[in-house]
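Secondary and tertiary structure notes
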There are 2 protein chains.
Amino acid sequence: MKFKEAKNKFVQTWGALGSQWGINKTMAQIHALLMVSAEPVSMEDVMEELQISRGNASMNLRALMDWGIVYKEYKTGERREFFTAEKDLDELAVKIARERSKREIKPALKVLKEVSSITANQTEEEKHFVDQTTKLYDFVLKADNVLDKITEYKDNWLTKLVVKFMK
Amino acid sequence: MKFKEAKNKFVQTWGALGSQWGINKTMAQIHALLMVSAEPVSMEDVMEELQISRGNASMNLRALMDWGIVYKEYKTGERREFFTAEKDLDELAVKIARERSKREIKPALKVLKEVSSITANQTEEEKHFVDQTTKLYDFVLKADNVLDKITEYKDNWLTKLVVKFMK
DNA sequence: ATAAACTTTCATTTATTTTTGAAAGTTTAA
DNA sequence: TTAAACTTTCAAAAATAAATGAAAGTTTAT
């Protein structure tokens, strides 16, 4: 396989993966492109390589920066902006985990707490509802706490997890 | 909050969450509904409660069964089919993790292996590509293995993880 | 101040995903 | 068998999400 072909395949695959994870295809593709680029990339280059419009590039780069996994860079003497992706994978995973916890898990926990707190009257139906949502709340809370703890390690958290867990 | 309201809120929230995870809204809503139902639920009831068409209900129930997190049940003397969700949360999480590993991680690993195996010629660009995709392959492989190990525990894997990790 | 170089915004268009509903298929009982 | 009770399928319609591109906005150099 030639380099260009490999690069394209990687970008496409990463993009397809993104859309199964609630991230839009272009956003994931841009991220893939930046991750395998040795040098910072301009918006013009992103548009060119992925064949997308200026607006699309701009909006998705912004979204990636909001996630904290893509950075703007300025080159001295250059007017335009360049972009690089977080390339450290431990760091990348930690940022994604934290962001998703904040955006999705925390709000879900709030709702679970609310709905599991209704006073169940005598019906089996209501008792089961309260029981099940309470279990769900406990489970998700525990999982979120584990995630917190794991990501606190930052460097090499995955390796540390392997070591701890395989014992 | 009244029971009906709480139930509805739960179903809606779970549905919204689903769509951020690449699962369609209705599928997640059906799952939510079944999870908090004490008794097996007929397709008619699913249609009625979620206000969806017969075709939609049928297709999404099928998809949930393909994931192995919803089961068909037959009541003696009843012609129609009833459905229940996996209610054990450890088991549910394990099934989801395994299915996603199979559907998403494994194929991605295959591609990563492929693209990281090109012979990089002298350019910095190509060397960086091979280096980065190799790191990615190693990382994802390690993560997938940890997931495997964790889900082997099945019962109480989360609790066991907490215990192991907090030490 | 002015203009060139560049980025962002957002109404509109385009593409993708989901839903519908009626026809076809299946199972069971008589 | 036949027909009633139920489920599945799938082409078409509807809903949703993403992309475009031109105008508006911003920054920098002169």
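Let me begin by describing the structure that accompanies this report. (Residues numbered from 1 in each chain as written. Chains lettered and ligands numbered in written order. Predicted model: local features only at pLDDT ≥ 70, side-chain atom pairs only at ≥ 80, totals over all residues. Heavy atoms only, no water.)

Our next topic: the protein's contact with DNA strand C. In the vicinity of DNA strand C lie 20 residues, with Ser58(A), Arg79(A), Thr26(B), Ser53(B) and Arg79(B) positioned nearest. Within 4 Å of the protein, atoms of DNA strand C come from sugar and phosphate in 57% of cases. Within the contact set of DNA strand C, a phosphate oxygen lies 2.4 Å away from a side-chain nitrogen or oxygen of Thr26(B). Residue Asn56(B) places a side-chain N or O atom 3.2 Å away from a phosphate oxygen belonging to DNA strand C. Among the elements of the structure, α4 (54–66) of chain A together with α4 (54–66) of chain B are those that each provide at least two residues to the surface near DNA strand C. The element best represented in the surface near DNA strand C is α4(A), accounting for five residues. The residue makeup of the surface near DNA strand C, split by class, is four nonpolar, nine polar and seven charged. (Near = heavy atom within 4 Å. Polar contact = N/O pair within 3.5 Å; in protein donor to acceptor, adjacent residues only side chain to side chain. Helix = DSSP H or I, 4+ residues; strand = E, 2+ residues; numbered from the N terminus. Nonpolar A, V, L, I, M, F, W, Y, C, P; charged D, E, K, R; others polar.)

To continue, consider the packing of helix α2 (residues 25–35) of chain B against α4(B). All names here are of chain B. Where α2 meets α4, the closest approach of the two axes is 9 Å, and the angle between their N-to-C directions is 75°. Between α2 and α4, the interaxial angle falls into the category roughly perpendicular. Residue-level contacts link Thr 26, Met 27, Ile 30, His 31 and Leu 34 of α2 to Asn 56, Ala 57, Asn 60, Leu 61, Ala 63 and Leu 64 of α4. (Axes fitted to C-alpha atoms, helices over the stretch in contact; angles between N-to-C directions. Parallel < 35°, antiparallel > 145°, perpendicular 65-115°, else oblique. Contact = heavy atoms within 4.5 Å.)

All names here are of chain B. In the Ramachandran plot, Gln 51 falls in the positive-phi region, its phi being about 55° despite a non-glycine side chain. Mapping Gln 51 onto the fold places it in the loop between α3 (43–50) and α4. Here Asn 156, not a glycine, exhibits a phi torsion of approximately 60°, which is positive. Look at Asn 156 and you get partly exposed, because its relative accessible area is 39%. (Buried < 20%, exposed > 50% of the residue type's maximum accessible area, 1.4 Å probe, protein only.)

Taken together, the contacts link 52 residues of chain A with 53 residues of chain B. With both chains or domains summed, chain A and chain B bury close to 5,500 Å², and 76% of this area falls on carbon and sulfur atoms. Taken as a group, Phe3(A), Phe139(A) and Phe165(A) account for 14% of the area that chain A buries against chain B, more than any other trio of residues on that side. Taken together, the connections running from chain A to chain B amount to two salt bridges. (Buried area = accessible area lost by both parts, 1.4 Å probe. Salt bridge = Lys/Arg side-chain N within 4 Å of Asp/Glu carboxyl O.)

On to the relation of the copies chain A and chain B. Both copies of the chain are related by one operation, a rotation about an axis with a shift along it. The operation relating chain A to chain B is a screw motion whose rotation component is 180°, with 0.0 Å of axial translation and a residual RMSD of 0.0 Å. Here the copies are linked by what is in effect a two-fold axis. A share of 100% of the interface residues of chain A reappears at the interface of chain B, consistent with the copies meeting face to face through the same patch. (Least-squares fit on C-alpha atoms with pLDDT ≥ 70 in both.)

Attention shifts here to the protein's contact with DNA strand D. The immediate surroundings of DNA strand D are formed by 19 residues, with Thr26(A), Ser53(A), Arg79(A), Ser58(B) and Arg79(B) found nearest. Counting only atoms of DNA strand D within 4 Å of the protein, the sugar-phosphate share comes to 62%. Arg79(B) has a polar side-chain atom sitting 3.3 Å from a base nitrogen of DNA strand D. Looking at the surface near DNA strand D, the elements that each hand over two or more residues are α4 of chain A together with α4 of chain B. Here the surface near DNA strand D takes five residues from α4(B), the largest share from any one element. Class assignment of the residues belonging to the surface near DNA strand D gives a composition of four nonpolar, eight polar and seven charged.

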